[in-house]
Amino acid sequence: QVQLVESGGGLVQAGGSLRLSCAASGRTFSRAAMGWFRQAPGKEREFVSASSWSGTGTRNADSVKGRFTISRDNAKNTVYLQMNSLKPEDTAVYYCADACSDYLRGLCDYWGQGTQVTVSS
């Protein structure tokens, strides 16, 4: 089983930056994509960003394009989400996921417990 441990969330002012980290332990059985998702209060979980196993293929939700950057370090089994120019609407619990067969639909085998990101205005 894979265990994901997230860190880096917190409170930040609008326009600020945060860097989320997700360290994976254990082993997966495929070179599937890893991704980030978020869920705001009263909202459905939504896709944020994903990276292929190689890290050369990435995709971002339209709402974060130009502001968020996903990267991964396979040697450290860690995926990152650099969040710049944060907006209050980015406030949510952010989840990382591993072994994603369909990240747009949130079809991933492993999920972290989530880390709170709060952006004040």
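Residues numbered from 1 in each chain as written. Predicted model: local features only at pLDDT ≥ 70, side-chain atom pairs only at ≥ 80, totals over all residues. Heavy atoms only, no water.

Chemist: I'd like a rundown of the overall build of the chain, residues and numbers included.
Modeler: Helices and strands together make up the secondary structure of the chain, namely zero helices and eleven strands. Reading the secondary structure of the chain in the N-to-C direction produces β-β-β-β-β-β-β-β-β-β-β. Judged by the C-alpha coordinates and their principal axes, the chain covers about 45 × 30 × 25 Å. Within the chain, residue pairs in contact and separated by at least 24 positions form 55% of the contacts whose partners lie at least 6 positions apart. (Helix = DSSP H or I, 4+ residues; strand = E, 2+ residues; numbered from the N terminus. Contact = heavy atoms within 4.5 Å.)

Chemist: Got a sec to walk through the sheet that holds strand β1 (residues 3-7)? Specific residues and values, please.
Modeler: A sheet is described by the order of its strands in space; here four strands give the open sequence β1-β3-β8-β7, paired in antiparallel fashion. The sheet is open, and its two borders are formed by β1 and β7 (68-73), each paired with just one other strand. Going from strand to strand, the sheet's axes swing by 15° on average, the running direction of each strand aside. Two strands pair when backbone bridges link them, and strand β3 (residues 18-25) and strand β8 (residues 78-83) are joined in this way by six bridges, in the antiparallel orientation. Bridging across to β8, R19 finds its partner in Q82. (Pairing = 2+ DSSP bridges. Axes fitted to C-alpha atoms, helices over the stretch in contact; angles between N-to-C directions.)

Chemist: Lay out the packing of aromatic side chains in plain terms, naming residues and giving numbers.
Modeler: Under the criterion given, the structure shown has three aromatic pairs. Residues F37 and F47 carry aromatic rings whose centres are separated by 5.9 Å and whose planes lie at 70° to one another, so their mutual orientation is edge-to-face. Taken together, the positions of F37 in strand β4 (residues 33-39) and F47 in strand β5 (residues 46-51) put the pair ten residues apart, joining distant regions of the chain. Judged on exposure class, the residue F37 and its partner F47 are both buried. Ring centres of F37 and W111 lie 4.9 Å apart, and the angle between their planes is 55°; this geometry places the pair in the tilted category. Separated by 74 residues along the polypeptide, F37 in strand β4 and W111 in strand β10 (residues 107-111) bring together distant segments of the chain. Residue F37 is classed as buried on the basis of its relative accessible area of 2%. Under the relative-accessibility criterion, W111 is labelled partly exposed at 27%. (Phe/Tyr/Trp six-rings, centres within 6.5 Å; stacked < 30°, edge-to-face > 60°. Buried < 20%, exposed > 50% of the residue type's maximum accessible area, 1.4 Å probe, protein only.)

Chemist: Would you mind going over the side chain of T115 in detail, with residue names and values included?
Modeler: Residue position: T115 is located in strand β11 (residues 115-120). Among the polar contacts listed, one links the side chain of T115 to the backbone nitrogen of G9, at a separation of 3.4 Å. Residues in contact with T115, not counting those within four places in the same chain, are E6, G9, L20, A92, V93 and Y94. (Polar contact = N/O pair within 3.5 Å; in protein donor to acceptor, adjacent residues only side chain to side chain.)

Chemist: Would you mind going over the state of the cysteines in detail, with residue names and values included?
Modeler: Across all of its chains, the model carries two disulfides by this definition. The disulfide partner of C100 is C108, and the gap between their sulfur atoms is 2.1 Å. The sign of the 100° torsion about the S-S bond sets the C100-C108 disulfide as right-handed. Across the pair, C108 and C100 agree in class, each one buried. Described in terms of the sequence order of its bonded cysteines, the disulfide pattern of the chain is 1-2, 3-4. (Disulfide = S-S within 2.5 Å.)

In short, the description is geometric, and any link to function would need to be established separately.
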